[in-house]
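# Notes for the structure review
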Amino acid sequence: MSDDSGCEQKGFASLASVSSPRTGEIARIFVLIAFPAVIALLASRYGKRTGNFRVIDALSTLTFDAPARADYFRKELEQFLLLAREQQWDPLSINGSFAGAMGMPQFMPTSYRRYAIDFNADGHTDLWNDPADIIGSIGSYLHQSGWKEATPIVAPARVDTADWKALVDLGLKPTLTLEQWKMRGVDTLANVQVSLPASLFTLDLSGGPEFWFGFENFYAILQYNRSRNYAMAVNDLANEIVRERERISASVSSNGAQ
Ligand SMILES: [Ca+2]
């Protein structure tokens, strides 16, 4: 139906460059890469900031000067030295945040070793400059955190019980299915399978709480950053990018038909 050449024409080149060229698959893959792309952009303040501290200095300082978290940073320092050897980096030349987080995904060394992948198979895993590696590596993080393709992220919830605080206190991990939530007085008008596990959470707005169901994909985003507001922002921005691409594709398609 739509012409997939549209996305390249509107400045999404870095996203499009990691898309499959096969027509019909691009839309599906675009959805998959929109979420990691947004996470990378937010983590690096829209690509402007990946940190100017030498990672080895940051981790050494925090290991010896932050007694409360010394064990954590000592482990990360060890992981950084292993990573530098694997990647054949000069450990003195790598910069990151004040806490030692690296590249556009702002991975700590443990996460870098676990999730970073050479997604475009050019022989280097570059999470500072290579959009394919950056998006592929965050995709790998989401996947290993429980992301399931073609399942929802969130759905608005309708609460018909006065005791909603106890339900929200069950936590952000999806444990009850929508069917089980309904028996507790919470449901949704969204068209989603009732067998899906979800958590119930609130967004605190000025007019009072707004209720949402968070599915396993929402929980996967929360593994990156525990803030509900952050995960909702990722969801909203990624969906906006997907919708913009669909608008561009539709426009290119209708122009082409004239
Ligand atoms: Ca690469």
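Residues numbered from 1 in each chain as written. Predicted model: local features only at pLDDT ≥ 70, side-chain atom pairs only at ≥ 80, totals over all residues.

Right, let's talk about the overall build of the chain for a bit. The secondary structure content of the chain amounts to 11 helices and 8 strands. Within the span of the chain, comprising 258 residues, buried residues form 36% of the whole. (Helix = DSSP H or I, 4+ residues; strand = E, 2+ residues; numbered from the N terminus. Buried ≥ 20, exposed ≤ 12 C-beta atoms within 10 Å, placed from the backbone.)

So, about the sheet that holds strand β3 (residues 154–156). In space, the 4 strands of this open sheet follow the order β3-β8-β7-β5, with antiparallel pairing throughout. Here the strands that pair on one side only, and so sit at the sheet edges, are β3 and β5 (176–177). (Pairing = 2+ DSSP bridges.)

Residue placement: V168 occurs in helix α8 (residues 164–168). Residue V168 is classed as partly exposed on the basis of its C-beta count, with 16 C-beta atoms lying within 10 Å. Between the alpha carbons of V168 and F201 there is a distance of 5.5 Å; along the sequence they are 33 residues apart.

Taking 1.5 Å of rise per residue, 18 residues should cover 26 Å, and helix α5 (residues 70–87) covers 25 Å from first to last C-alpha, within 8% of that figure. Within α5 the residues assigned to the buried category are F73, E76, L77, F80 and L83. With its buried residues spanning 125° around the axis, α5 presents them on a single face. Turned more than 90 degrees away from the buried face of α5 sit D71, R85 and E86, all of them exposed. In the core, the buried residues of α5 are packed alongside α4 (55–65) and α6 (109–115). (Expected span 1.5 Å × (residues − 1). Arc of directions from axis to C-beta. Contact = placed C-beta atoms within 7 Å.)

Here we take up the pairing of strand β7 (residues 197–205). Inspection of the sheet shows β5 paired to β7 by 2 bridges, in the antiparallel sense. The partner of T177 across the bridge, within β7, is P197. Where β7 meets strand β8 (residues 208–214), 7 bridges bridge the pair, whose relative direction is antiparallel. Paired with L205 across the two strands is G208, which belongs to β8. As consecutive antiparallel partners, β7 and β8 are separated by 2 residues.

Moving on, we get to the packing of α4 against α5. In contact at an axis separation of 8 Å, α4 and α5 are set at 150° when each is read in the N-to-C sense. Classified by the angle their axes make, α4 and α5 are roughly antiparallel. Viewed along their axes, α4 and α5 form a crossing whose handedness is left-handed. Every residue of α5 that contacts α4 at V55, I56, L59, S60, L62 and T63 is listed here: A70, F73, R74, E76, L77 and F80. Tallied by class, residues from the contact of α4 with α5 come to 8 nonpolar, 2 polar and 2 charged. (Axes fitted to C-alpha atoms, helices over the stretch in contact; angles between N-to-C directions. Parallel < 35°, antiparallel > 145°, perpendicular 65-115°, else oblique. Left-handed = near helix turned anticlockwise from the far one by under 90°. Nonpolar A, V, L, I, M, F, W, Y, C, P; charged D, E, K, R; others polar.)

Our next topic: the confidence of the model for the chain. Mean pLDDT over the chain stands at 88; residues scoring 70 or higher make up 89%. Across residues 16–20, confidence stays below pLDDT 50; counting only partners more than four residues off in sequence or on other chains, it has 15 contacts. (pLDDT = per-residue confidence, 0-100.)

Further remarks concern the environment of R243. Inspection of the secondary structure puts R243 in helix α11 (residues 228–257). On the basis of neighbour count, R243 is assigned to the exposed category, with 11 C-beta atoms found within 10 Å.

With 3 bridges joining them, β3 and β8 adopt antiparallel strand pairing. Considered in β8, the bridge of A155 is made with F213.

Next up on the list: the nonpolar core. Of all hydrophobic cores here, the largest spans 56 residues; its most connected members are A34, V38, I39, A40, F107, F213 and F218. In terms of residues, this core owes the most to one element, helix α3 (residues 26–43), which gives 9 residues. Residue-level mapping places this core at the junction of two domains, with at least three residues from each of domain 1 (53–144) and domain 2 (154–214). In this structure, F218 is in contact with I153, V154 and A231, ignoring residues within four places of it in sequence. (Core = buried A, V, L, I, M, F, W, Y, C linked by C-beta atoms within 7 Å. Domains from an automatic or database assignment.)

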